[in-house]
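# Reading the structure
Below are the chains, spelled out letter by letter.
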Amino acid sequence: NGENYLIRMKIDSSWLAGCSFGEILDFSLKSDPFLVYPSAPPVGKSGDSRITPVNLKSRKRRGKKLPPIPLQREQLHRIHAAEMVLLEDSLHVHVQQQERNLQANRRALEELGRATSRESSPCAAPRNDGPAAEESAAKRPKSDDHALVSGESPQSVVDQPCPKAGDLSAPVEEPATAPQPARVFQLHPWSVTVDEAHKVVAGWLDRANRRHVDSMLDLPALMKEDGTLSGREALQFFWLCRQGQTPTVENADGLVVFRVIEGVARSCQIVHLSLAREVEDWHPYAEALACVRRAMLTELPVSKLRTTLVCGSDTGVVDKELEQVWKDDHYKWFQLTQSSGGGRGQVMNRNRYVDELQDPPEPQLIMGISVAVTLVATVAGEQQHEAPRRPFASRLLGAELSRGMTSADAPLHEASAISKLAEKVEKVPLATTRTCPDPQSASAFAKELGGMEDNFDDEGAAGESERRVAVISLQIDWAHARADGDSIVLAVYCEGKTPSCKGPIFYVATTKPDIFMLLIPWAGEDVDIDLCARVAEMMKVIEPVQEPEFPEVAIPKFSLTQRSFAAGLQGMGSVRQGIAVDIGGGRPLPGALHRRRDPDAPLPLQIGGQFLFVVWHVGVDELDEPLVVVPVQGL
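Below is a summary of the structure that appears in this document. As the structure is a prediction and not an experimental result, all values here were calculated from the model.

## Details of the overall build of the protein
In terms of helices and strands, the protein carries 14 helices and 23 strands. With 635 residues in all, the protein has 48% of them scored as buried. At a minimum sequence separation of 6, the contacts of the protein that also span at least 24 residues come to 74%.

In structure tokens form, the structure reads like this:
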């Protein structure tokens, strides 16, 4: 897909822990490109049978310990040297990519400035590059590259508020101040199953223009690769149809296939764009490309668009005429790549030019999981309130809040367990702390991190005393989920059971390989009990279910906020706790293929309105401590 392998290599072996090789060797879910982890001696408690995500897929079970592979010290030194080279090369490649992007942006600005100067100058002479250029220009759209071929006003996009990511098939709203012709092409998502898709693709390729098809990635081969038809980076299929055309394989005018690549800078990879065979010139192709670009930048939360133009097997270069159409839409050369089939490709990149080319602003990203826990404490003084106190939703966050604080007079209500946690972990994942001089700066800091900033001024506490703030803020998506009305159907990653829990405990994967959500049955007992301690005790004795009964579970969409005083901490005065959780279906995938349900498969287990929603982080696996525990009830 055009990604530099020096960067990809660091996580390219993470799949080994979850495959059948995990029955033989103990692979790591974390970055381990040189497979050092199987050579490490086992650590932890003797006979460890916990079903934490790390040791579940590597099959570390009681009575089935996997022996480490001997690794000589000299080999370790060589691996360390190779890791340093890999790190240096990765940084070097990253810097080069940033420089190329800056140069491309600078050239685009210079070209835009020259074009503006020519248009504003009364003495500007018409440009003439010869008969060949005139013939090529006649085959391409003569409209402004900054707007859609449909005649959309560039300024209208700038004046619109930032939209939310939505359905690509929905038409882009246009201002009513000027007449707007219909879009040349409309995008219609497929409504077929994975099994049917291969036949539909084959039928389209028989109709498609061969120059278009041969210049793009091998779509049938790409569909057979693992992970391309499922998950958050699944391929999405859309028919391109003119007004009045039926979106079917027999009548569609074109096909576009893309996927959103998650990362630090989210991008959209266009893996296929072709029109029907009867389209011989490049004018309709440029129109289709412009409509696809406008729809993607309007609806997808991405910062750039990319595609790979495949070099011809006989010529060794890309189709120059087709390449020029992409260049005219402000795609620029990014890098060369090697396909899995041995062919070469040229990656083209187009950034989102909001100011320079009046592209739409990036829409707001819709995440399926949003969790924020905020603790605000007075640093000095005794507790001056009589309000009831609730246990911590995150004892790890309490440990981070109290780190470095000591007081012989402080209440030890829950502090002893939290102090021990503070001694065991150097840094709590996803947690940020700061000491603020007054309530106003504490509120601003919590808001900046995505925590709850309002109503945290402790009643009765010293008005302008210092505040110590700790926040865990998490916004991620489900790895495999689909919306079903007011519910979300989630794929079960693994299942466990404990003697103290009446039902199974479900692990659900997210888009981050080190973060899992746990769904634990809960009878709705008194919320004043320490739920973090209860979950921690469960994790010590949990056993895996070898043959899970339910491959999917369904939970309701919900949002909740809670504010309360928390238990006392050493060296602290009043401690206020805020919890905000928002659970939904995540980023929509309107063009993703769906799988036909097996009639013999069990229906998703409906988890009712009372359960414990637990955030589990692999980085603190050895502590048996959940990152966050939130009771959900009354849904």
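From this point on, the discussion continues.
## Let's talk about the pattern of salt bridges
Applying the stated criterion across every chain yields a total of 16 salt bridges. Here Arg210 makes a salt bridge to Asp214, at a shortest N to O gap of 3.1 Å. Here Arg210 and its partner Asp214 are both found in helix α7 (residues 210–214), four residues apart, which amounts to about one turn of the helix. Accessibility expressed as a relative area gives 43% for Arg210, which makes it partly exposed. With a relative accessible area of 47%, Asp214 lands in the partly exposed category. Across the pair Arg211 and Glu321 runs a salt bridge whose closest N-O atoms are separated by 3.0 Å. Of this pair, Arg211 sits in helix α7 while Glu321 sits in helix α10 (residues 320–328), and the two are 110 residues apart along the sequence. Linked by salt bridges that have partners in common, Arg211, Asp319 and Glu321 make up one network.

## Re the pairing of strand β18 (residues 552–556)
The two faces of a sheet get side chains in turn, since along a regular strand they alternate between them. For β18, the buried fraction is high: four of the five residues fall into the buried class. Note that strand β13 (residues 487–491) and β18 share five bridges and pair antiparallel. Paired with Ala491 across the two strands is Glu552, which belongs to β18. In the sheet, β18 pairs with strand β21 (residues 605–606) via two bridges, with the strands oriented parallel. Each bridged residue has a counterpart across the sheet, and for Ala554 the counterpart in β21 is Gln606.

The rules we used
- Residues numbered from 1 in each chain as written.
- Predicted model: local features only at pLDDT ≥ 70, side-chain atom pairs only at ≥ 80, totals over all residues.
- Heavy atoms only, no water.
- Helix = DSSP H or I, 4+ residues; strand = E, 2+ residues; numbered from the N terminus.
- Buried < 20%, exposed > 50% of the residue type's maximum accessible area, 1.4 Å probe, protein only.
- Contact = heavy atoms within 4.5 Å.
- Salt bridge = Lys/Arg side-chain N within 4 Å of Asp/Glu carboxyl O.
- Pairing = 2+ DSSP bridges.

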